[in-house]
Amino acid sequence: MVKVRVNGVDHEVDASPDTPLLWVVRDHLGLTGSKFGCGMGLCGACTMHLGGRPVRTCVLPVAAVADQEVTTIEAMGDHPLKDAWIAEQVPQCGYCQSGQLMQAAGLLADNPRPTDEDIGVSMTNLCRCGTYDRIRKAIRRAAATLPEPVPPESAVPREDEALDEEAVKEEEAQP
Ligand code: FES
Ligand code: FES
């Protein structure tokens, strides 16, 4: 028996510890939104979140995630990506799309204002139908609905630092 916590629920499943998490989630728990594609960690069809980060679960032994929270597409909730995916009519056959959404959700959690380059770097999931352009547009559309990111405290000058900068500028302006 192995333990796994998926979508906020603890489970004990009769599986070998080296069984890939994808198999446990699909075959033992019956959550079939995550797909099997390559089985080699390459295509991203099996992407879930582990501790909030996207991971490829076809090559991840279930024993390796025992103490961590696994989230699948079934628990994605009312994420703005869903509306954006519909508005941009992203899916074609749909097979890769749950993995694409989970990957995109991870990107926006880290970077709510991604550039096209950021999206290109992060969205390495494959789509045999070639929906990449619509995926990029949908991510940009969803990002536009998210609150402005708050700059890190260290990037905001303190009041006394701002005054110091003014003094330096005035000094430099002296003949
Ligand atoms: S099925 Fe997991 S990366 Fe392709
Ligand atoms: S929509 Fe068909 S593989 Fe991506």
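What you are looking at is a predicted structure, and each value in this text was computed from that prediction instead of being measured.

It is worth spelling out the packing of helix H2 (residues 80-87) against helix H5 (residues 132-144) at this point. Relative orientation and spacing of two packed helices are given, respectively, by the angle between their axes and the distance between those axes. For the pair H2 and H5, the least separation of the axes is 8 Å and the interaxial angle reads 135 degrees. Taken together, the axes of H2 and H5 are oblique relative to one another. For the element pair H2 and H5, the recorded crossing hand is right-handed. Across the interface between the two elements, Pro-80, Leu-81, Ala-84, Trp-85 and Ala-87 from H2 touch Ala-138, Arg-141 and Ala-142 from H5. Tallied by class, the residues present in the contact of H2 with H5 amount to 7 nonpolar, no polar and 1 charged.

The buried fraction of strand E2 (residues 9-13) is low, at 0 of 5 residues. Taking the residues between adjacent antiparallel strands as the criterion, strand E1 (residues 2-6) and E2 are bridged by 2 residues, where Asn-7 takes a positive phi near 50 degrees.

This paragraph deals with the packing of helix H3 (residues 97-110) against H5. Put simply, H3 and H5 touch, their axes get as near as 11 Å, and they point 40 degrees apart. The angle between the axes of H3 and H5 places the two elements in the oblique class. The handedness of the crossing between H3 and H5 comes out as right-handed. Along the contact surface, H3 presents Gln-100, Ala-104, Leu-107 and Leu-108, while H5 presents Ile-135, Ile-139, Ala-142 and Ala-143.

Side chains of residues three or four places apart in an α-helix project in the same direction, reflecting 3.6 residues per turn. Here H5 is 13 residues long and its end C-alpha atoms lie 19 Å apart, about the 18 Å a rise of 1.5 Å per residue gives. Ile-135, Ala-138, Ile-139, Ala-142 and Ala-143 are the residues of H5 that are buried. Down the axis, H5 shows its buried residues gathered within 135 degrees of arc, on one side only. Away from the buried face of H5 by more than 90 degrees, exposed residues Asp-133 and Ala-144 are located. Residues of H5 that are buried make contact with H2, H3 and helix H4 (116-122).

As a general point, the strands of a sheet are linked pairwise by backbone hydrogen bonds and lie either parallel or antiparallel. Spatial ordering of the open sheet is given by E2-E1-E5-E3-E4, a layout of 5 strands whose pairing is mixed. Two strands in the sheet have a free side with no partner beyond their single neighbour: E2 and strand E4 (53-56). Averaged over all pairs of adjacent strands, the angle between strand axes in this sheet comes to 40 degrees, irrespective of strand direction. By the bridge criterion, 2 bridges tie strand E3 (residues 47-50) to strand E5 (residues 69-71) in an arrangement that is antiparallel. Counted as the bridge partner of Leu-50 is Val-70 from E5. Contacts from H3 reach E3 and E4, with the element oriented near 35 degrees to E3.

The next subject is the environment of Gly-99. Mapping Gly-99 onto the fold places it in helix H3. Since 26 C-beta atoms lie within 10 Å of it, Gly-99 is described here as buried. Each C-alpha atom of the pair Gly-99 and Lys-35 lies 7.5 Å from the other, and the pair is 64 residues apart in sequence. For Gly-99, the residues in contact, after removing those within four places along its chain, are Ser-34, Lys-35, Gly-44, Ala-45, Cys-46, Thr-47 and Asn-125.

One finds Val-4, Leu-21, Leu-81, Leu-101, Ala-104, Ala-138 and Ile-139 to be the most contacted residues of the largest nonpolar core, which totals 36 residues. Secondary structure elements with two or more residues in this core: E1, helix H1 (21-28), H2, H3 and H5. Composition of this core by domain shows at least three residues from each of domain 1 (2-75) and domain 2 (80-145). For Ala-138, the contacting residues outside a window of four places in its chain are Leu-81, Ala-84, Trp-85, Glu-88 and Val-90.

Each value, and the rule that gives it
Residues numbered from 1 in each chain as written. Chains lettered and ligands numbered in written order. Predicted model: local features only at pLDDT ≥ 70, side-chain atom pairs only at ≥ 80, totals over all residues. Axes fitted to C-alpha atoms, helices over the stretch in contact; angles between N-to-C directions. Helix = DSSP H or I, 4+ residues; strand = E, 2+ residues; numbered from the N terminus. Parallel < 35°, antiparallel > 145°, perpendicular 65-115°, else oblique. Left-handed = near helix turned anticlockwise from the far one by under 90°. Contact = placed C-beta atoms within 7 Å. Nonpolar A, V, L, I, M, F, W, Y, C, P; charged D, E, K, R; others polar. Buried ≥ 20, exposed ≤ 12 C-beta atoms within 10 Å, placed from the backbone. Pairing = 2+ DSSP bridges. Expected span 1.5 Å × (residues − 1). Arc of directions from axis to C-beta. Core = buried A, V, L, I, M, F, W, Y, C linked by C-beta atoms within 7 Å. Domains from an automatic or database assignment.

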